[in-house]
Amino acid sequence: VQLQASGGGLVQAGGSLRLSCAPSGRTFSTYTKIMGWFRQAPGKEREFVAAISWSSSGTLYADPVKGRFTISRGNAENTVYLEMTSLKPEDTAVYYCAASGSPYYWNRQNQYDYWGQGTQVTVSS
């Protein structure tokens, strides 16, 4: 399973961005139970942002992004999106998408076996 994240950039506070994560590999559809987004700000540990169930499309969000971010999956392809609105300077981070073969503990990094390379999101005040 390979993951390619894209869509990051520089945006002013209050603006929006949409991140994409394009998986590839023959085993992706059979392996993946959960797709997640995590982020790592400078000098901080990587933290959970949002996750989506591959079978039910159920979602889970971290408290700081609830009501502002939306995770979704494409209908015809395996791409996962993170729509980010009302962005704040504290959302500045490298954002990573990840795939988990476990249906449990959606917000735990150690449940995810495959990670994308990260995409930088910078929110200016």
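Cut-offs applied
Residues numbered from 1 in each chain as written. Predicted model: local features only at pLDDT ≥ 70, side-chain atom pairs only at ≥ 80, totals over all residues. Heavy atoms only, no water. Helix = DSSP H or I, 4+ residues; strand = E, 2+ residues; numbered from the N terminus. Rg over C-alpha atoms; globule rule 2.2 N^0.38 Å. Buried < 20%, exposed > 50% of the residue type's maximum accessible area, 1.4 Å probe, protein only. Contact = heavy atoms within 4.5 Å. Lys, Arg positive; Asp, Glu negative; His and termini not counted. Charge placed at Lys NZ, Arg CZ, Asp CG, Glu CD. Core = buried A, V, L, I, M, F, W, Y, C linked by side-chain atoms within 4.5 Å. Phe/Tyr/Trp six-rings, centres within 6.5 Å; stacked < 30°, edge-to-face > 60°. Lys NZ or Arg CZ within 6 Å of the ring centre and 35° of its normal. Polar contact = N/O pair within 3.5 Å; in protein donor to acceptor, adjacent residues only side chain to side chain.

Trainee: Would you mind showing me how to read the overall build of the protein chain here?
Mentor: The number of helices and strands found in the protein chain is one helix and 11 strands. Each helix (α) and strand (β) of the protein chain, taken in turn from the N terminus, gives the series β-β-β-α-β-β-β-β-β-β-β-β. A compact globule built from 125 residues should have a C-alpha radius of gyration of about 14 Å, and the protein chain, at 13 Å, falls within 12% of that. The burial tally for the protein chain puts 46% of its 125 residues in the buried class. Contacts in the protein chain between residues far apart in sequence, at least 24 positions, make up 58% of those at least 6 positions apart. Taking the 11 positively charged and 8 negatively charged side chains of the protein chain as two groups, their mean positions are separated by 5 Å.

Trainee: I'm lost on the nonpolar core in this one. Help?
Mentor: Soluble globular proteins: nonpolar side chains tend toward being buried together. Met35, Trp37, Leu82, Met84 and Tyr95 are the most contacted members of the largest nonpolar core, which totals 38 residues. Each residue touching Met84, except ones within four places of it in the same chain, is listed here: Gly15, Ser16, Leu17, Leu19, Arg68, Phe69, Tyr95 and Val121.

Trainee: Quick question: what am I supposed to make of the packing of aromatic side chains here?
Mentor: Here a ring pair, both rings aromatic, is described through the centre-centre distance and the interplanar angle of the planes. Using the criterion set out here, one finds seven aromatic pairs in the structure. Measuring from centroid to centroid gives 5.1 Å for Tyr31 and Tyr114, while their planes differ by 85°, and the two rings are edge-to-face. Here Tyr114 lies in strand S10 (residues 114-115) and Tyr31 lies in helix H1 (residues 28-31), a separation of 83 residues in the sequence. Ring geometry for Phe38 and Trp115: centres 5.0 Å apart, planes at 55°, overall tilted. Linking Phe38 in strand S4 (residues 34-40) with Trp115 in strand S10, this pair joins segments that are 77 residues apart in sequence. For Trp115, a relative accessible area of 25% translates into the label partly exposed. Through a chain of ring-to-ring contacts, the aromatic side chains of Phe38, Phe48, Tyr112 and Trp115 assemble into a single cluster. Arg46 extends its terminal NZ or CZ atom over the ring of Tyr96, reaching a point 5.1 Å from the ring centre. Across from the ring centre of Tyr105, 4.0 Å away, lies the NZ or CZ of Arg108, which sits over that ring.

Trainee: Please clarify how the environment of Gln117 should be interpreted in this entry.
Mentor: Looking at where Gln117 falls in the secondary structure, it is placed in the loop between S10 and strand S11 (119-124). Between the C-alpha atoms of Gln117 and Tyr95, which are 22 residues apart in sequence, the distance is 8.7 Å. Setting aside residues up to four positions removed in sequence, Gln117 forms contacts with Leu3, Gln4, Ala5 and Tyr96. Reaching out from Gln117, the side chain makes a polar contact with the backbone oxygen of Ala5 at a distance of 2.8 Å.

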